[in-house]
Amino acid sequence: MAFIDMLHIEKSFGSVAVLQDVSLSMDRGEVVSIIGPSGSGKSTFLRCLGQLETIQKGTIRIDGAILVDTPANANEAIYASKEEQQQLLLNMGMVFQSFNLFPHMTVLENIMVAPRMVKGMKEVDILPIAQSLLEKVGLWNKRDVYPSTLSGGQKQRVAIARALAMKPKIMLFDEPTSALDPEFTSEVLRTIKELAEENMTMIIVTHEMAFAREVADRVIFMADGKIQEEGAPEDVFGNPQNPRTQSFLNSMLRV
Ligand code: ADP
Ligand code: MG
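We now turn to the structure provided with this report.

Next up on the list: the site of ligand 1. Every residue close to ligand 1 is listed here: Phe13, Val18, Pro37, Ser38, Gly39, Ser40, Gly41, Lys42, Ser43 and Thr44. One nitrogen or oxygen atom from the main chain of Ser40 is found 3.1 Å from an oxygen atom belonging to ligand 1. Protein burial of ligand 1: of its 560 Å² of free accessible surface, 57% is covered by the chains. Per-element accounting of the shell around ligand 1 gives the leading share, 3 residues, to helix α1 (residues 42-49). Among the residues forming the shell around ligand 1, the class breakdown is 3 nonpolar, 6 polar and 1 charged.

Shown next, in the form of structure tokens:
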């Protein structure tokens, strides 16, 4: 069994089918990049794994535990209990385009709040973890400032540290650099690359093609709610088979 199984996922908003029979199985430590035009369903797919959206059909299994399943003759997906869903959610760290830091909390408080509130950890036990994470993203010296005083790149590095403070088994990134000024992109990508080197299991939706190629073990090209092509980065970028992948990559290289 794979570490993550998302099988035959179907998701509609009203009558609009946004994910149509999308399947992804990942090994522990694997890094998958999802690329594709805007509106193709990339965010929705991530959000289904992160329990921010529910699916109508399919199966999602994380480390052997079933989040949601669709029995053979059922016409609707059946979710695990709220407690089981909550337990699975603890495995996930999520980082979005918008940083979503708590504006009224300092950088350090932003890192410490979830372990304290969700896991009931004691301050003395969280502090060393928070310190090592902020040192890792190079922002320990900013621990006492408020997010509004940080650059976009710094905010996003705090958001990554905050997600890591919950010790997730899987990190999901949805266009983590899209809201950044170009000069701050590389520091965030470097942080994500370091996580890949530490064998964090990650799904990264990105428009940074060079980064996707470099960081991923596997690249998925999505369009119109379907996986159109997937494979090793050197194949998808170097020798795309699907004409839609080819034209998408051409359009990305032109900008
Ligand atoms: P991507 O991340 O690839 O740009 P999305 O997953 O955000 O694509 O969106 C896929 C499709 O689903 C789009 O057509 C979008 O308009 C639609 N969609 C996304 N979220 C919602 C929502 N909450 N309600 C209705 N439609 C949505
Ligand atoms: Mg999106």
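Another aspect to go through is the packing of aromatic side chains. This structure, assessed with the given rule, holds 1 aromatic pair. Measuring from centroid to centroid gives 5.3 Å for Phe221 and Phe248, while their planes differ by 40°, and the two rings are tilted. Within this pair, whereas Phe221 is found in strand β10 (residues 218-223), its partner Phe248 is found in helix α9 (residues 243-254), the two being separated by 27 residues in sequence. Here the two residues Phe221 and Phe248 agree in accessibility, since each one is buried. The ring of Trp140 has Arg143 lying over it, and the distance from NZ or CZ to the ring centre is 4.3 Å. The ring of Phe102 is capped by Arg162, whose NZ or CZ atom sits 5.1 Å from the centre of that ring.

Helix α5 (residues 152-164) packs onto helix α3 (residues 107-117) with a crossing angle of 25° between their chain directions and a minimal axis gap of 8 Å. Judged on the interaxial angle alone, α5 and α3 are roughly parallel. Crossing geometry of α3 relative to α5 is assigned as right-handed. Along its contact with α3, which presents Val107, Asn110 and Ile111, the element α5 presents Val158, Ala161 and Arg162. In terms of residue class, the contact of α3 with α5 is built from 4 nonpolar, 1 polar and 1 charged.

This next bit is on the layout of surface pockets. Considered as a void within the structure, the largest pocket measures approximately 540 Å³ in volume. In terms of lining, the largest pocket is formed by 24 residues, of which the most central are Met92, Met94, Ala114, Arg162 and Ala163. The set of elements that each furnish at least two residues to the lining of the largest pocket consists of α2 (82-89), β7 (92-95), α3 and α5. Of the residues belonging to the lining of the largest pocket, the class tally is 16 nonpolar, 7 polar and 1 charged.

Packed helix pairs are specified by the crossing angle of their axes together with the interaxial distance, meaning the distance between the axes. Interhelical geometry of α5 versus helix α6 (residues 185-197) gives an angle of 25° and a closest axis separation of 9 Å. Viewed along their axes, α5 and α6 adopt a mutual orientation that is roughly parallel. Residues Gly153, Gln154, Gln156, Arg157, Ile160 and Leu164 of α5 form the contact with α6, whose participating residues are Glu187, Val188, Thr191, Ile192 and Leu195. Broken down by class, the residue content of the contact of α5 with α6 amounts to 5 nonpolar, 4 polar and 2 charged.

Moving on: the side chain of Ser151. Mapping Ser151 onto the fold places it in the loop between α4 (123-136) and α5. When its relative accessible area of 17% is taken as the criterion, Ser151 is described as buried. In this structure, Ser151 is in contact with Phe184 and Glu187, ignoring residues within four places of it in sequence.

It is worth spelling out the sheet that holds strand β11 (residues 226-231) at this point. Judged by pairing direction, the sheet is mixed, and its 6 strands sit side by side in the order β7-β8-β9-β3-β10-β11 without closing on themselves. Bordering the open sheet on either side are β7 and β11, each of which pairs with just one other strand. On average, adjacent strands in this sheet sit at an angle of 15° to one another, irrespective of strand direction. Contacts from α9 reach β3 (31-35), β10 and β11 within the one sheet, and its direction differs from that of β10 by about 95°.

Cut-offs and rules
Residues numbered from 1 in each chain as written. Chains lettered and ligands numbered in written order. Predicted model: local features only at pLDDT ≥ 70, side-chain atom pairs only at ≥ 80, totals over all residues. Heavy atoms only, no water. Near = heavy atom within 4 Å. Polar contact = N/O pair within 3.5 Å; in protein donor to acceptor, adjacent residues only side chain to side chain. Areas by Shrake-Rupley, 256 points an atom, 1.4 Å probe, with all protein chains shown as cover. Helix = DSSP H or I, 4+ residues; strand = E, 2+ residues; numbered from the N terminus. Nonpolar A, V, L, I, M, F, W, Y, C, P; charged D, E, K, R; others polar. Phe/Tyr/Trp six-rings, centres within 6.5 Å; stacked < 30°, edge-to-face > 60°. Buried < 20%, exposed > 50% of the residue type's maximum accessible area, 1.4 Å probe, protein only. Lys NZ or Arg CZ within 6 Å of the ring centre and 35° of its normal. Axes fitted to C-alpha atoms, helices over the stretch in contact; angles between N-to-C directions. Parallel < 35°, antiparallel > 145°, perpendicular 65-115°, else oblique. Left-handed = near helix turned anticlockwise from the far one by under 90°. Contact = heavy atoms within 4.5 Å. 1 Å grid on protein atoms, 1.4 Å probe; cavity = no way out; pocket = protein on both sides within 12 Å on 5 of 7 lines; lining within 4 Å. Points joined across faces, edges and corners; volume = space filled by probe spheres on them. Pairing = 2+ DSSP bridges.

The values reported here are purely geometric and, on their own, carry no functional implication.
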